[in-house]
Amino acid sequence: MTLHKAAEQRDIIDSPEETAHLARTWYSPRGFPGWFTQVNQRMIGKRFIITAFIFFLLAGILGLLMRLQLAAPEQQLLGPELYNQFFTMHGTVMMFFFAIPVMEGVAIYIVPLMVGTRDMAFPRLNAFGYYVYLIGGIVLFGSLLLGMAPNAGWFNYVPLAGKLYSPGYGVDVWTTMITFIEVSALTAAVELIVTILRMRAPGMSLNRMPLFVWAALVMSFMIVFAMPAVIVSSTLLILDRLVDTQFFIVESGGEPLLWQHLFWYFGHPEVYIILVPALGMISTIIITFTGRPIFGYTALVLSVVAIGFVSFGLWVHHMFTTGLPQLGMSFFTAASAMIAIPSGVQIFCWIASLWGAKIRFHTPMLWVLGFFAIFVIGGLTGVMVASIPFDTQVHDTFFVVAHFHYVLIGGAVFPLIGAVYYWWPKIIGRMMNETAGKWSFWLAFIGFNITFFPMHQLGLEGMPRRIYTYADEMGWGDLNMLATIGALVLAVGFGITLVNAIWSVSRGRPAGTNPWNAPTLEWATESPPASYNFRHIPVVESRWPLWDWQRQDERRVVTGLRNDRREVVLTSVLDASPVGVQVLPGPSIWPFASAVAASTGFIGIIFHPIFFVIGFFLVFFSLVAWFWPRRPWRND
Amino acid sequence: MSAKARKGVTRHPLRLWTGWVVGIIAWTLHLIASYLLVSWVCATGNYWALHGVTLATLAMSVAGGWVAWRQWSEVGRQWPDAGDPQAQTSRIRFMAVGGLMISGLSALLIVAEGIPNFFLSACL
């Protein structure tokens, strides 16, 4: 490959033998062995997405059961203990086992295609991250079936989560499984950062990167900086519980507020870790369905970056009722209000992009428009609770439940479902049904608002969150019944999308390469892409390469990569100039073995400290096998 | 782009990141330092420390913005676009405008967080 000067231009004719050889080189094992050995990024991304949606379904069912319990006063469908386990599991699974992994999964699948490369930087690490996530999720749900589920809420406050008040295994399971998901998230984040910064197609300088790739980059950096805080806090808590350290024990000089600081230092950016990729999805969908370049590319990039930064300075607004000094809290009020500026820039750029455009109202676009309505309401109530006097009134009430569901479902799940409709044809090769998609959207949109809007009023009337029932005299029955009916409608709405997705796998209309006439590189290859993603790595000359190629009727590509080993082009950080070639590893069982070994240590330590030693050695041996040097004389 | 400017840019590509990073570091320092100083200010009544932190970090974020402004000036102050594939000008403009705006937002955050120091007691 010519790295420093442009090669002479010539037409390229692909021979079928060479293409078949390339396909064999990038082949992913199928069937049962493939479950444990695949490392190609699209396989791992698809697994993350499907697994995360299964957890979404399970946690959603828990949410529905809670709504049925609260539909009328003094019901006994769920007892207090089970209700505590359900709301803890619902929050934990939705935040840790659905929202983060699904966004990572979409990024793992789409980003390498969008930046025009054949895989991610560390394919085996990618696979390791997935197995750790899967094992963590299965153990967490297994604990619910065994009656050992955590029950101290998704943010697991001490002293409630301390050994004195939560003596069973539930909180131990929570702290351990959270560490699992953090490890998984960190591996994905490192993968994405390196892939985005060093593996973009030649010519895709930073100012030409697709907005979703920018969002994935910001999300990944946020994960790297936020996750260690919760790993530290959960480690301190498990030490308190298992070996009697005193980090959070007041009587011994410990500090319960330390938990809240560490948790929310992670927990608030977490909300934006979920939101930021959704912002990228929205921009991507708007560009395609308006059929023209987005208004304010630079402003949109900068506002996503700014949101990423500023989200780290808001965490104390979760602690306004803990008795901290007013002046100290006011700094966080100011920052909380100021994050509305970059958020507002995003919204206004999108409005300007939609203004006067010939919008195609396909299903992905509908979900994005639904986002606008819901997220703006959630944002406004967010500014309300950023004010300390108001927050003090509604703290721990259903107003807060309404607020964060508006922000999380409106801000992340609606764009995500839109993105599923948008990218599903690329992933599966077939279109989802449009009519079913529109029914799904309207039922979800109406059902969502019927469910969560009344909760604002319930909160203002003083209904606390996390109570398993309430007295008839409180007068909350009617609004709760309305919310439960809405939840059922919402579930039907999401259910239609599930059925639509499954139906389309075998019955959907074939999608073709670029069914939406989108401008980004993932639509330049077949649907679904071949094992090597791109027959030729493209060369990029603008932000909208596919629209350029349509006008010019030709495209420039990289030549010279070998097809007998997994080669990808490395490019420079700023300008994406080609600087070298990296050879990626092939399928391997060792990431799975390492994940099992690590899990043995993490899970076993709940029951006996010796498992730490056992896990350590098992991980050591599996990593030695994983990193066993390739044989240079065989040039593989 | 002049030869001098091109030389300056290629010699110091890290300068492009200055505006993206310095302002945010200044804001982070302001938030953490102010938060930590509150109890000490309550004990001693030395409000000047809080104002001093605000001024110092504000100056720092303005400095980050100034570096970005200089960078932008070197390549001609135009709004960044997707650019000519052979020239780095568009990408440099993009980075410079980015640095300027992020430094500006950081300065705004510092000012917003500095205002309560004039009105609220540190001992409440």
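Keep in mind that what you see is a predicted model, and the values were worked out from it rather than measured. (Residues numbered from 1 in each chain as written. Chains lettered and ligands numbered in written order. Predicted model: local features only at pLDDT ≥ 70, side-chain atom pairs only at ≥ 80, totals over all residues. Heavy atoms only, no water.)

Before going further, it helps to spend a moment on the overall build of chain B. Secondary structure assignment for chain B yields five helices and zero strands. N-terminal to C-terminal, the α/β element order of chain B is α-α-α-α-α. For chain B, long-range pairs separated by at least 24 residues make up 73% of all intrachain contacts whose partners lie at least 6 apart in sequence. For chain B, the exposed surface amounts to about 6100 Å²; the carbon and sulfur share of it is 70%. (Helix = DSSP H or I, 4+ residues; strand = E, 2+ residues; numbered from the N terminus. Contact = heavy atoms within 4.5 Å. Areas by Shrake-Rupley, 256 points an atom, 1.4 Å probe, with all protein chains shown as cover.)

Our focus in this paragraph is the UniProt feature "domain: Cytochrome oxidase subunit I profile" (unreviewed entry) in chain A. In the numbering used here, UniProt assigns the "domain: Cytochrome oxidase subunit I profile" (unreviewed entry) feature to residues 35-541 of chain A. Annotated as 69% helix and 0% strand, the span residues 35-541 of chain A places its first and last C-alpha atoms 39 Å apart. (UniProt positions renumbered as here; feature names shortened; annotations may be inferred.)

Checked against the element boundaries, A:Val316 lands in the loop between α9 (297-310) and α10 (326-338). Classification of A:Val316 by relative accessible area gives buried; the value is 0%. Once the C-alpha coordinates of A:Val316 and A:His403 are considered, the two residues, 87 residues apart in sequence, prove to be 17 Å apart. Setting aside residues up to four positions removed in sequence, A:Val316 forms contacts with A:His261, A:Leu324, A:Met329, A:Phe332 and B:Tyr35. (Buried < 20%, exposed > 50% of the residue type's maximum accessible area, 1.4 Å probe, protein only.)

This part covers the interface of chain B and chain A. Between chain B and chain A, the residue contacts involve 39 residues of the former and 37 residues of the latter. Taking both sides of the interface into account, the surface hidden between chain B and chain A amounts to around 3200 Å²; carbon and sulfur atoms contribute 78%. Linking chain B to chain A there are one salt bridge. The residue A:Asp575 makes a salt bridge to B:Arg91 at a minimum N-O spacing of 2.4 Å. Our count for the contact surface shared by chain B and chain A stands at one residue pair in polar contact (both at pLDDT 80 or more). For the side of chain B that touches chain A, a count of residues per class yields 28 nonpolar, seven polar and four charged. (Buried area = accessible area lost by both parts, 1.4 Å probe. Salt bridge = Lys/Arg side-chain N within 4 Å of Asp/Glu carboxyl O. Polar contact = N/O pair within 3.5 Å; in protein donor to acceptor, adjacent residues only side chain to side chain. Nonpolar A, V, L, I, M, F, W, Y, C, P; charged D, E, K, R; others polar.)

Glancing now at unusual backbone geometry. Among all residues except glycine, the phi angle is most often negative; among peptide bonds, the trans geometry is most common. All names here are of chain A. In this chain, Val 158 is followed by Pro 159 through a cis amide linkage whose omega measures 5°. Note that Pro 159 resides in the loop between α5 (123-145) and α6 (170-198). The omega torsion of the bond from Ser 527 to Pro 528 falls at -10°, within 30 degrees of zero and hence cis. Looking at the secondary structure, you find Pro 528 in the loop between α16 (477-507) and α17 (545-552). You will see that Asn 517, though not glycine, has its phi angle at about 55°, which is positive. Among the secondary structure elements, Asn 517 is positioned in the loop between α16 and α17. Although it is not a glycine, Asn 533 sits at a positive phi angle of roughly 65°.

Residue and element names in this part refer to chain A. Inspection of every chain in the model, using the stated rule, returns four cavities of 30 Å³ or more. Estimated volume of the largest cavity: approximately 90 Å³. What lines the largest cavity is a set of 14 residues, and nearest its centre among them are Pro 210, Leu 211, Ile 287, Thr 520 and Trp 544. Put simply, the parts of the chain that give the lining of the largest cavity at least two residues each are α7 (211-242) and α8 (256-290). The greatest single-element share of the lining of the largest cavity, amounting to three residues, is contributed by α8. (1 Å grid on protein atoms, 1.4 Å probe; cavity = no way out; pocket = protein on both sides within 12 Å on 5 of 7 lines; lining within 4 Å. Points joined across faces, edges and corners; volume = space filled by probe spheres on them.)

A word on the side chain of A:Arg208. All names here are of chain A. Note that Arg 208 resides in the loop between α6 and α7. Taking relative accessible area as the criterion, Arg 208 reaches 4% and is therefore assigned buried. Engagement of the side chain of Arg 208 in a polar contact is seen with the backbone oxygen of Gly 203, the distance being 2.6 Å.

Let's shift gears to the domain arrangement of chain A. All names here are of chain A. What the domain assignment reports for chain A is domain 1 (33-499 + 513-588) and domain 2 (592-630). Centre-to-centre, using C-alpha coordinates, domain 1 lies 29 Å away from domain 2. Contacts between domain 1 and domain 2 engage 20 residues on the former and 12 residues on the latter. Around 1500 Å² of area is buried between domain 1 and domain 2 when both sides are counted, 81% of it from carbon and sulfur atoms. Taken together, domain 1 and domain 2 are joined by zero salt bridges. Our enumeration of links across domain 1 and domain 2 arrives at one residue pair in polar contact (both at pLDDT 80 or more). Elements represented by at least two residues in the side of domain 1 that touches domain 2 include exactly α5 and α6. When residues of the side of domain 1 that touches domain 2 are assigned to their parent elements, the largest contribution, seven residues, is made by α5. Looking at the side of domain 1 that touches domain 2, its residues break down into 16 nonpolar, two polar and two charged. (Domains from an automatic or database assignment.)

Attention shifts here to the nonpolar core. All names here are of chain A. Of all hydrophobic cores here, the largest spans 220 residues; its most connected members are Phe 96, Trp 214, Phe 263, Trp 350, Phe 414 and Trp 423. The element contributing the most residues to this core is helix α4 (residues 80-114), with 22 residues. Viewed by domain, this core spans two of them, domain 1 (33-499 + 513-588) and domain 2 (592-630), each represented by three or more residues. Aside from chain neighbours lying at most four places away, what touches Phe 414 is Trp 367, Gly 370, Phe 371, Ile 374, Ile 409, Phe 441, Ala 444, Phe 445 and Phe 448. (Core = buried A, V, L, I, M, F, W, Y, C linked by side-chain atoms within 4.5 Å.)

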